[in-house]
Amino acid sequence: MAGTSLREQILARVALVLAGATPAGANVFRAREVSITRDVSPAICVLYRGTPEAMPAGAGSLQHRMTLDLAIFVRGDPWDSLADTVDTAAHAALLADPGLQALGAQLVRRGDDADAQEADRTAGTLTVHYAVTFFTRAGDITQRP
C-alpha cells in the first residue's frame, strides 16, 4: 500500500482481518455510508473517528494516537447476545493478527456503546471503541521509523 498513510494502512488491514473472521463473514465495510439492510446483517463497519494526535517521539519519528470504531450491526433476539459473538471474534482476530503487529499498531479496547432499534426483527448496533497508537517517520507518514 505504498503511498497511503500508515493510518489508512492500519484501517484497511483491520477490515481485511475481520472479513471472514467473525459471524459477519464477508460483510465487513470500510466507512460504509449506505445503511445496513436486513440481508447484510450481521455486519461490521470499520470507522476512523477524529483527528489523530501526533507528537514527536525522538530521532525523526512521530507517535500517533487515533480512535478506531467497529460498528457491529445485528438483527434478532436477543440482539446484544448476537452482537457479542461478533465482538468477541473480532477482538480476538485483531489482537492476534501479525499484519497489524507488523504495522506497529497497538490496539487498546476503550469501551462500547449499545443502541437497539425496533424493526420487523429487533435490530441493534454495538459500537466498540479502540485507541490505536502507532509510529511513523516525521517526514514520511507512510512509513514506520
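Up top you'll find the structure we're talking about.
About the thresholds
- Residue numbers here run from 1 along each chain, matching the order of that chain's written sequence.
- The predicted origin of the model limits local features to residues at a pLDDT of at least 70 and limits the giving and counting of side-chain atom pairs to 80 or more, whereas totals for whole chains, interfaces and linings rest on all residues.
- Here the side-chain values reflect all heavy atoms present in the structure, with hydrogen atoms and water set aside.
- The rule is simple: take the accessible area with a 1.4 Å probe, protein chains only, and divide by the maximum for that residue type; under 20% is buried, over 50% is exposed, in between is partly exposed.
- Working definition: helices are DSSP H or I runs of at least four residues, strands are E runs of at least two. Numbering for both runs from the N terminus.
- Note: two strands are recorded as paired if DSSP finds a minimum of 2 bridges between them.
- Only the contacting stretch of a helix is used when fitting its axis, a line to C-alpha atoms as for every element, and angles between N-to-C directions run 0 to 180 degrees.
- Contacts are assigned to residue pairs with any non-hydrogen atoms lying within 4.5 Å of each other.

Asker: Any chance you could explain the pairing of strand β3 (residues 61–75) here in plain terms?
Answerer: On a regular strand, each side chain points to the face opposite its neighbour's, so the side chains alternate between the two faces of the sheet. Buried residues dominate β3, accounting for eleven of its 15 residues. Sheet topology note: the strand β2 (residues 43–56)/β3 ladder contains eleven bridges and is antiparallel. Opposite Pro56, over in β3, you have Leu62 as the bridge partner. Two successive antiparallel strands, β2 and β3, enclose a turn made up of four residues, where Gly58 displays a positive phi of approximately 85 degrees. By the bridge criterion, 15 bridges tie β3 to strand β5 (residues 123–137) in an arrangement that is antiparallel. Bridge pairing in β5 places Gln63 opposite Phe135.

Asker: Looking at this structure, how should I read the sheet that holds strand β1 (residues 28–30)?
Answerer: The strands that make up a sheet are held in pairs by hydrogen bonds between backbone atoms, and each pair lies either parallel or antiparallel. Ordered by their spatial adjacency, five strands build an open sheet running β1-β2-β3-β5-β4, and the pairing between neighbours is mixed. Strands with a single pairing partner mark the edges of an open sheet, and in this sheet they are β1 and β4 (106–117). Mean inter-strand twist for the sheet, computed between neighbouring axes without regard to direction, equals 25 degrees. Two elements, β1 and β2, share three bridges in a ladder whose sense is parallel. If you follow Arg30 over to β2, its bridge partner there is Val46. Its contacts with the sheet put helix α1 (residues 6–18) on β1, β2, β3 and β5, and the angle it makes with β2 is roughly 155 degrees.

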